[in-house]
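# Geometric and topological summary
Each chain is listed here by its residues.
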Amino acid sequence: EPEVTQTPSHQVTQMGQEVILRCVPISNHLYFYWYRQILGQKVEFLVSFYNNEISEKSEIFDDQFSVERPDGSNFTLKIRSTKLEDSAMYFCASRRLAQQFFGPGTRLTVL
Amino acid sequence: GIQVEQSPPDLILQEGANSTLRCNFSDSVNNLQWFHQNPWGQLINLFYIPSGTKQNGRLSATTVATERYSLLYISSSQTTDSGVYFCAVCDSGGGADGLTFGKGTHLIIQP
């Protein structure tokens with residue numbers, strides 16, 4: 001069964017550094033998402049992406065965040081200058097119809 | 001935005017017991033999904049159930065959309081059922097696309 005994949009599974013970075021989190025959505029899906037989960041808290045929506053542009057974003061998704069679909073398979077989340085509070089699990093999701101399918105997550109630790 | 005409340009927040013049961021987890025939401029939805037977050041942090045899709053009833057093995061779910069709630073039933077609990085169960089919804093008004101998650105029910109199944 002097709003799955004959403006994410007790399008890396010765990011990333012450690014220094015405060016102020018740029019990070020790029022990568023996702024490969026399910027191949028025939030058209031809608032893509034990023035969510036984050038700070039340790040011990042609920043999952044929060046960041047951004048949705050359709051037809052090569054952002055279709056919706058939350059208040060969390062400020063100017064330090066950007067998303068891109070650089071080719072036909074990858075979907076990336078870039079954090080330009082990481083802060084301590086960006087430490088979280090980041091989930092990518094995709095859908096073709098209504099149900100969203102989630103990847104295994106990337107655990108980002110900012111030191 | 002739409003509000004999602006899950007109850008109970010914590011539940012401790014003995015192996016073999018049955019449980020019912022509840023999800024209340026504040027507005028009409030066009031998507032409702034139940035997830036199990038395992039100890040490694042992965043979100044496992046359990047059900048896509050914006051209305052009606054579904055069953056998958058020992059798990060079943062019912063959503064009564066007109067009364068704005070959903071129930072997840074776990075029968076004959078096993079220790080591997082332990083983890084956090086999240087309900088997530090998508091508001092059907094205003095073109096919203098991202099899922100709004102509840103805070104989850106933390107389930108512990110003791111041997």
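Every chain is numbered on its own, with residues counted from 1 as its sequence reads. Naming scheme: in the order in which they are written, chains are lettered from A and ligands are numbered from 1. Note on the predicted model: pLDDT of at least 70 is required for a residue's local features to be given, and 80 or more for side-chain atom pairs to be given and counted; whole-chain, interface and lining totals, by contrast, use all residues. Hydrogen atoms and water are omitted, and side-chain values are computed over all heavy atoms in the structure.

## Focus on the sheet that holds strand 1 (residues 5-7) of chain A
Residues and elements named next belong to chain A. A strand pair is defined by DSSP finding two or more bridges across the two strands. A helix here means a DSSP run of H or I that spans at least four residues, while a strand means a run of E at least two residues long, and both kinds are numbered starting from the N terminus. With antiparallel pairing, the four strands of this open sheet are ordered in space as 1-3-8-7. Looking at strand neighbours, the two that pair on one side only are strand 1 and strand 7 (65-68), the edges of this open sheet. Across the sheet, the mean angle separating the axes of adjacent strands is 20 degrees when strand polarity is ignored. Here strand 3 (residues 19-24) runs beside strand 8 (residues 75-79); their pairing, made up of five bridges, is antiparallel. In the sheet register, C23 faces strand 8, and the bridge partner there is F75. Axes here refer to lines fitted to C-alpha atoms; in helices the fit is confined to the stretch in contact. Angles between the N-to-C directions go from 0 to 180 degrees.

## Some words on the interface of chain B and chain A
Contacts between the two partners involve 18 residues from chain B, matched on the other side by 21 residues from chain A. Joining two parts hides part of their accessible area as seen by a 1.4 Å probe, and the buried area is that hidden amount summed over both. Each partner contributes to the roughly 1500 Å² buried at the junction of chain B and chain A, and carbon and sulfur atoms together form 52% of this total. Considering only the side of chain B, the residues that lose the most area to chain A are L43, D97 and F101 of chain B, jointly responsible for 35% of the buried surface there. What counts as a salt bridge is simple: a side-chain nitrogen of Lys or Arg found within 4 Å of a carboxyl oxygen of Asp or Glu. Across the chain B-chain A interface, the total number found is one salt bridge. For D97 of chain B, the salt bridge goes to R95 of chain A, with nearest N and O atoms at 3.0 Å. Those elements giving two or more residues to the side of chain B that touches chain A turn out to be strand 4 (29-37) and strand 5 (43-48) of chain B. The element that contributes the greatest number of residues to the side of chain B that touches chain A is strand 4 of chain B, accounting for four residues. Side-chain classes are defined by residue name, with Ala, Val, Leu, Ile, Met, Phe, Trp, Tyr, Cys and Pro counting as nonpolar, Asp, Glu, Lys and Arg as charged, and the others, Gly among them, as polar. Its residues assigned to classes, the side of chain B that touches chain A shows eight nonpolar, eight polar and two charged. Any two residues having at least one pair of non-hydrogen atoms within 4.5 Å are treated as being in contact.

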